[in-house]
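# Fold and geometry: a report
Now for the letters of each chain:
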Amino acid sequence: MSAEPIIHMPQDCSECPIRHRAVCARCDPGELEELDRIKYYRSFQAGQTVIWSGDRMDFVGSVVSGIATLTQTMEDGRTQMVGLLLPSDFVGRPGRDEAPYNVVATSDLVMCCFRKRPFEQIITTTPRISQRLLEMTLDELDAAREWMLVLGRKTAREKIASLLAIIARRSAVATLTEDMRRAVFDLPLTREAMSDYLGLTLETVSRQISSLKRDGVIELQGKRHVTVPDFARLLSEAGDDGDAMVR
């Protein structure tokens, strides 16, 4: 790790904002107590590396708040962003000792971590946790396939709208009204990071965001605070229906 993170005292699981979406979503009180014995919290500042590719991982865990990127560096030094970690996403892979990707906090990040070896032992005896982990893995596979469509077939405008819709629906700080018509959230990615992730130039990202703002699809306060007046319209601009891009 690039710097020593701030370590928080454990919190009550019942107050956790991702309690019903994370790997522990189906746990009963006894299973939560087992996890509580091996968990701890870590906070990382924006820009801080959580773990480097190839490093030995002594923990797994869930993103509680904030956002992180998964990147991979090629032998010639080129770096490609290959994924985003949003609240409730799981970090690490039981049974694998080394990290396959760099994990970097894009915004201030809080993680609920579990010591890796004890966690691996728990999932062999706790079907609810192993089943939930399987579901999350399959959801991640579906999302990866969907993202191939975003990168391979969608226009620049659709790519930007798709990314905004994903972040709006998955961010713990987002507010989405019950009728799904209005969303408010802080965009945790710089435009440079968005261009890297979407395979677009910085100029194209800026131009498309300005276009979405001009057309009333989004409202911006500064560069990061985003309001979506009509979420269905944003999905339409992304080329998706109401069920798309959700996991």
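The sections below set out a description of the structure shown in this document. Everything numeric in this text was worked out from a predicted model, so none of it was measured.

Parameters and conventions
- Residues numbered from 1 in each chain as written.
- Predicted model: local features only at pLDDT ≥ 70, side-chain atom pairs only at ≥ 80, totals over all residues.
- Heavy atoms only, no water.
- Core = buried A, V, L, I, M, F, W, Y, C linked by side-chain atoms within 4.5 Å.
- Buried < 20%, exposed > 50% of the residue type's maximum accessible area, 1.4 Å probe, protein only.
- Helix = DSSP H or I, 4+ residues; strand = E, 2+ residues; numbered from the N terminus.
- Contact = heavy atoms within 4.5 Å.
- 1 Å grid on protein atoms, 1.4 Å probe; cavity = no way out; pocket = protein on both sides within 12 Å on 5 of 7 lines; lining within 4 Å.
- Points joined across faces, edges and corners; volume = space filled by probe spheres on them.
- Nonpolar A, V, L, I, M, F, W, Y, C, P; charged D, E, K, R; others polar.
- Expected span 1.5 Å × (residues − 1).
- Arc of directions from axis to C-beta.
- Pairing = 2+ DSSP bridges.
- Axes fitted to C-alpha atoms, helices over the stretch in contact; angles between N-to-C directions.
- Parallel < 35°, antiparallel > 145°, perpendicular 65-115°, else oblique.

### Some remarks on the nonpolar core
Among the nonpolar cores identified, the biggest contains 35 residues, and Ile 160, Leu 163 and Ile 218 are the most heavily contacted of them. Those elements that place two or more of their residues in this core are strand E6 (79-85), helix H3 (127-153), helix H4 (156-170), strand E11 (183-186), helix H5 (191-198), helix H6 (202-214), strand E13 (225-228) and helix H7 (231-237). Other than its neighbours up to four places away in sequence, Ile 160 contacts Met 194, Leu 198, Leu 200, Val 205, Gln 208, Ile 209 and Leu 212. Core analysis: the second largest hydrophobic core is formed by 22 residues, Ala 22, Cys 24, Phe 119 and Ile 129 among them.

### Some details on empty space enclosed by the protein
Enumeration over the complete set of coordinates arrives at two cavities of 30 Å³ or more. Its boundaries defined by the atoms lining it, the largest cavity holds a volume of some 120 Å³. For the largest cavity, the lining is made up of 14 residues, of which Cys 13, Cys 24, Lys 39, Cys 112 and Phe 114 are closest to its centre. Mapped by element, the contributors of at least two residues to the lining of the largest cavity are helix H1 (29-38), strand E2 (39-44), strand E4 (59-65) and strand E9 (109-115). Broken down by element, the lining of the largest cavity gets its largest block of residues, three residues, from H1. Of the residues assigned to the lining of the largest cavity, the class counts are 11 nonpolar, one polar and two charged. Of the volumes computed, that of the second largest cavity is approximately 30 Å³. Taken together, Leu 164, Leu 187, Arg 191, Ile 209, Ile 218, Leu 220, Lys 223 and Val 226 make up the lining of the second largest cavity.

### Observations regarding H6
It helps to recall that an α-helix has 3.6 residues per turn; residues three or four apart then point in one direction. Compared with an ideal rise of 1.5 Å per residue, which puts 13 residues at 18 Å, H6 spans 18 Å between its outermost C-alpha atoms and is within 8% of the ideal. Among the residues making up H6, those that are buried are Thr 204, Val 205, Gln 208, Ile 209, Ser 211 and Leu 212. End-on, the buried residues of H6 take up no more than an arc of 160°, which puts them together on one face. H6 presents Glu 203 and Arg 214 as exposed residues on the side facing more than 90 degrees away from its buried surface. The elements touched by buried residues of H6 are H4, H5, strand E12 (219-221) and H7.

### Considering the sheet that holds strand E5 (residues 68-73)
Sheet architecture is open: four strands sit in the order E3-E8-E5-E6, paired in antiparallel fashion. Looking at which strands have only one partner, the edges of the open sheet turn out to be strand E3 (49-51) and E6. Geometrically, the sheet is characterised by an average inter-axis angle of 35° between neighbouring strands, direction not taken into account. Relative to E6, E5 runs antiparallel, the two being bridged by six bridges. Each residue of the ladder has a partner; that of Thr 71, found in E6, is Met 81.

### Observations regarding the side chain of Thr 71
Relative to the elements of secondary structure, Thr 71 occurs in strand E5. Those residues in contact with Thr 71 that lie beyond four places of it in its chain are Thr 79, Gln 80, Met 81, Val 82, Tyr 101 and Asn 102.

### Here we look at the packing of H4 against H6
Packing of H4 against H6 leaves a shortest axis separation of 9 Å and a crossing angle of 75°. Classified by the interaxial angle, the pair formed by H4 and H6 is roughly perpendicular. Counting all contacts with H4, which are made through Ala 156, Arg 157, Ile 160, Ala 161 and Leu 164, the residues of H6 involved are Thr 204, Val 205, Gln 208, Ile 209, Ser 211 and Leu 212. Residue composition of the contact of H4 with H6, by class: seven nonpolar, three polar and one charged.

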